[in-house]
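# Structure assessment
Residue strings, one per chain:
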Amino acid sequence: MNQLHPSVTVLVPGRLHERAVTRVDGAFNMVRIDRVDPALLTPELRRDVRGVAASGFLEPLDAAFIDALPNLEIIASFGVGYDAVDAAHAGTRGVMVTNTPDVLTEEVADTALGLLINTVRELPRAEAYLRAGRWAREGNYPFTPATLRGRRAGIFGMGRIGMAIARRLEAFGISIAYHNRRPVEGLAYEYYPSLEELAGAVDTLISVVPGGAATEKVVNAKIFKALGPDGVFINIGRGSTVDEEALVAALRDGTIHAAGLDVFVDEPQVPQALIDLPNAVLLPHVGSASVHTRNAMADLVADNLISWFSERKLLTPVSETAHVSAKP
Ligand code: NAP
Ligand code: 8YV
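One structure accompanies this document, and this report is about it. Just so you know, these numbers come straight off a predicted model, no measurement behind them.

## Observations concerning the packing of helix 1 (residues 18-27) against helix 13 (residues 291-311)
Packed helices, taken two at a time, are described by the angle between their axes plus the distance between the axes. Following both chains from N to C, one finds helix 1 and helix 13 inclined at 25°, their axes separated by 8 Å at the closest point. Between helix 1 and helix 13, the angle falls in the class roughly parallel. Once helix 1 is placed against helix 13, the crossing between them reads as right-handed. From helix 1, Arg-19, Ala-20, Arg-23, Val-24 and Ala-27 reach across to helix 13, where they touch Asn-295, Ala-298, Asp-299, Ala-302, Asp-303, Leu-305 and Ile-306. Across the contact of helix 1 with helix 13, the residue classes tally to seven nonpolar, one polar and four charged.

Structural data, given as structure tokens:
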């Protein structure tokens, strides 16, 4: 098949979903380097690269790398969260950034509900009990002290995924409140102007906010204290938003009841202290990780690049570069 834009060089630094690699390779002059590192850029690459397709979260893309590519027009990042891409800097350089929203929303919300049920009803521990032969040997698994019945959920980050989680919680008969920087217009759920007030009003805090400086460690000892001893904390957003030491302490001393985590501060490293805690359910960042959804994310990475170089239009630009106009 003829390439659409054989004269446009698109760089893929480091790892990227195979389907995105195949599609970018099929449409452009694709060049790969081992990692995001300006030292790996030859003078020809510095001159020629007009697009970057990056795995975002896995390969942080900083200002120095962006500055090393003077003819860069677009960074197509894999994932809806783009905290690992310096999008603000890209904007000042006239470089567009795209992410992969919407196509993963329902999958991540499904995972959040699975994590919530596993955490509250201890299903992973109950299964481990069966597999260890303890059901037959010792009798029934103990009744769980926690239940979803009567729970009040607080969603920290009522955006696309937060809203999809809320729809599912409604079907479970769970009450819903939320905190964002601004209330969502026309949304009937109760809004709290601060995270601490939200945590104080609910017993189940579900965090689905983006990472970055504004949310760094905002879920901390104060928030766990406000959530209280029946409190369940679920994090499907970003690990950086949590003070992990404070979380371990809160789980150990009963400040909160349990936590379910899909994301961590220093992935794939998970603190041993968390692994050792029986009241923490831990997943290896699998929120969107089905073949179906990851393929859709990969397609959106490639489609943004193709749309840009074919029509100077972006399918899913991030807000920081929305004001950027196309380079001639
Ligand atoms: P979104 O639609 O942009 O929603 C983000 C929400 O967070 C918005 O409602 C926003 O409201 C709120 N928010 C942002 N910054 C805030 C702050 N400083 N304080 C309070 N609220 C804040 O994004 P999304 O598509 O739902 O995705 C959300 C995040 O989920 C992603 O950024 C990513 O980090 C994470 N994620 C994780 C997985 C996984 O596999 N675990 C998968 C996909 C996404 P305001 O602007 O009004 O504050
Ligand atoms: C992916 C995510 O796991 O989209 C996001 O923000 O966190 C996940 O969907 C991540 O992007 C993988 O690189």
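## Considering the packing of aromatic side chains
Tallied over the entire structure, the rule returns four aromatic pairs. With a centroid separation of 5.7 Å and 70° between ring planes, the pair formed by Phe-28 and Phe-309 is classed as edge-to-face. Residue Phe-28 is found in strand 2 (residues 28-33), and its partner Phe-309 is found in helix 13; the two are separated by 281 residues along the sequence. A residue is classified by how much of its surface remains accessible, and Phe-28, at 1% relative accessible area, is buried.

## Notes on the sheet that holds strand 6 (residues 152-156)
With respect to topology, seven strands assemble into an open sheet ordered 8-7-6-9-10-11-12, the strand pairing being parallel. Taken across any chain shown, the strands that pair with only one partner, and hence form the sheet edges, are strand 8 (190-191) and strand 12 (280-282). Here strand 11 (residues 258-261) pairs with strand 12 via three bridges, running parallel. Bridged to Gly-260 within strand 12 is Val-281. Packed onto the sheet, helix 8 (residues 160-171) meets strand 6, strand 7 (175-179) and strand 9 (204-207) and runs at close to 170° relative to strand 6.

## Focus: the site of ligand 2
With respect to spatial proximity, the complete set of residues near ligand 2 consists of Ser-55, Phe-57, Phe-78, Gly-79, Val-80, Gly-81, Leu-104, Arg-238, His-285, Ser-288, Arg-294 and Met-297. A distance of 2.8 Å is found between an oxygen atom of ligand 2 and a side-chain nitrogen or oxygen belonging to Arg-238. Ser-288 places a polar side-chain atom, nitrogen or oxygen, 2.6 Å from an oxygen atom of ligand 2. Compared with its free state, where it exposes 320 Å², ligand 2 has 91% of that area covered by protein. Taken together, the residues of the shell around ligand 2 sort by class into five nonpolar, five polar and two charged.

## Regarding the nonpolar core
In this structure, Phe-28, Ala-53, Leu-116, Ile-155, Ile-165, Leu-169 and Leu-305 are the most contacted members of the largest nonpolar core, which totals 53 residues. Sequence-distant contacts of Ile-165, defined by excluding residues within four places in its chain, comprise Ala-109, Ala-112, Leu-113, Ile-155, Ile-206 and Ile-236. Membership of the second largest hydrophobic core comes to 27 residues, among which are Ile-223, Leu-227, Val-242 and Leu-251.

## Thoughts on helix 11 (residues 244-252)
Regarding helix 11, the residues found buried are Glu-244, Ala-246, Leu-247, Val-248, Ala-250 and Leu-251. Where helix 11 is buried, its residues touch helix 10 (221-227), strand 10 (232-235), strand 11, helix 12 (272-275) and strand 12. The opening residue of helix 11, the one whose side-chain oxygen lies 3.2 Å from the backbone nitrogen of Glu-245, is Asp-243. Positioned one or two residues after helix 11, Gly-254 has a phi angle of 80°, which is positive.

## Digging into the site of ligand 1
As a structural note, the neighbourhood of ligand 1 is formed by 27 residues, with Arg-160, Ile-161, Arg-181, Ile-236 and Asp-262 the closest of them. Ile-236 is positioned with one of its backbone polar atoms (N or O) 2.9 Å from a nitrogen atom of ligand 1. Contact distances for ligand 1 include 3.2 Å between an oxygen atom and a side-chain N or O atom of His-285. Considered on its own, ligand 1 offers 920 Å² of accessible surface; in the complex 87% of this is hidden by protein. Residues belonging to the shell around ligand 1 are distributed by class as follows: twelve nonpolar, ten polar and five charged.

## Some points on the layout of surface pockets
A volume near 220 Å³ is recorded for the second largest pocket. Arg-125, Pro-278, Asn-279, Ala-280 and Val-281 are, among the 17 residues lining the second largest pocket, the residues nearest its centre. Looking at the lining of the second largest pocket, the elements that each hand over two or more residues are helix 5 (105-121), helix 6 (123-131), helix 12 and strand 12. Of the residues in the lining of the second largest pocket, the class split is eleven nonpolar, four polar and two charged.

## Details of the environment of Arg-19
With respect to the element layout, Arg-19 can be found in helix 1. Owing to a relative accessible area of 36%, Arg-19 belongs among the partly exposed residues under this scheme. If sequence neighbours within four positions are ignored, Arg-19 has contacts with Asn-295, Ala-298 and Asp-299.

## Quick word on the pattern of salt bridges
Following the criterion strictly, the structure yields 20 salt bridges and no others. Ionic pairing is found between Glu-138 and Arg-134, a salt bridge with its closest N-O pair at 2.9 Å. Of this pair, Glu-138 and Arg-134 both sit in helix 7 (residues 134-138), separated by four residues, roughly a single helical turn. Note on Arg-134: relative accessible area 34%, which makes it partly exposed. Of the charged contacts, one joins Asp-203 and Arg-152 as a salt bridge, the two residues approaching to 3.8 Å between their closest N and O atoms. Here the residue Asp-203 occupies a position in the loop between helix 9 (195-201) and strand 9, and Arg-152 occupies one in strand 6, the gap between them amounting to 51 residues.

About the thresholds
- Residues numbered from 1 in each chain as written.
- Chains lettered and ligands numbered in written order.
- Predicted model: local features only at pLDDT ≥ 70, side-chain atom pairs only at ≥ 80, totals over all residues.
- Heavy atoms only, no water.
- Axes fitted to C-alpha atoms, helices over the stretch in contact; angles between N-to-C directions.
- Helix = DSSP H or I, 4+ residues; strand = E, 2+ residues; numbered from the N terminus.
- Parallel < 35°, antiparallel > 145°, perpendicular 65-115°, else oblique.
- Left-handed = near helix turned anticlockwise from the far one by under 90°.
- Contact = heavy atoms within 4.5 Å.
- Nonpolar A, V, L, I, M, F, W, Y, C, P; charged D, E, K, R; others polar.
- Phe/Tyr/Trp six-rings, centres within 6.5 Å; stacked < 30°, edge-to-face > 60°.
- Buried < 20%, exposed > 50% of the residue type's maximum accessible area, 1.4 Å probe, protein only.
- Pairing = 2+ DSSP bridges.
- Near = heavy atom within 4 Å.
- Polar contact = N/O pair within 3.5 Å; in protein donor to acceptor, adjacent residues only side chain to side chain.
- Areas by Shrake-Rupley, 256 points an atom, 1.4 Å probe, with all protein chains shown as cover.
- Core = buried A, V, L, I, M, F, W, Y, C linked by side-chain atoms within 4.5 Å.
- 1 Å grid on protein atoms, 1.4 Å probe; cavity = no way out; pocket = protein on both sides within 12 Å on 5 of 7 lines; lining within 4 Å.
- Points joined across faces, edges and corners; volume = space filled by probe spheres on them.
- Salt bridge = Lys/Arg side-chain N within 4 Å of Asp/Glu carboxyl O.

These figures capture arrangement, not role.
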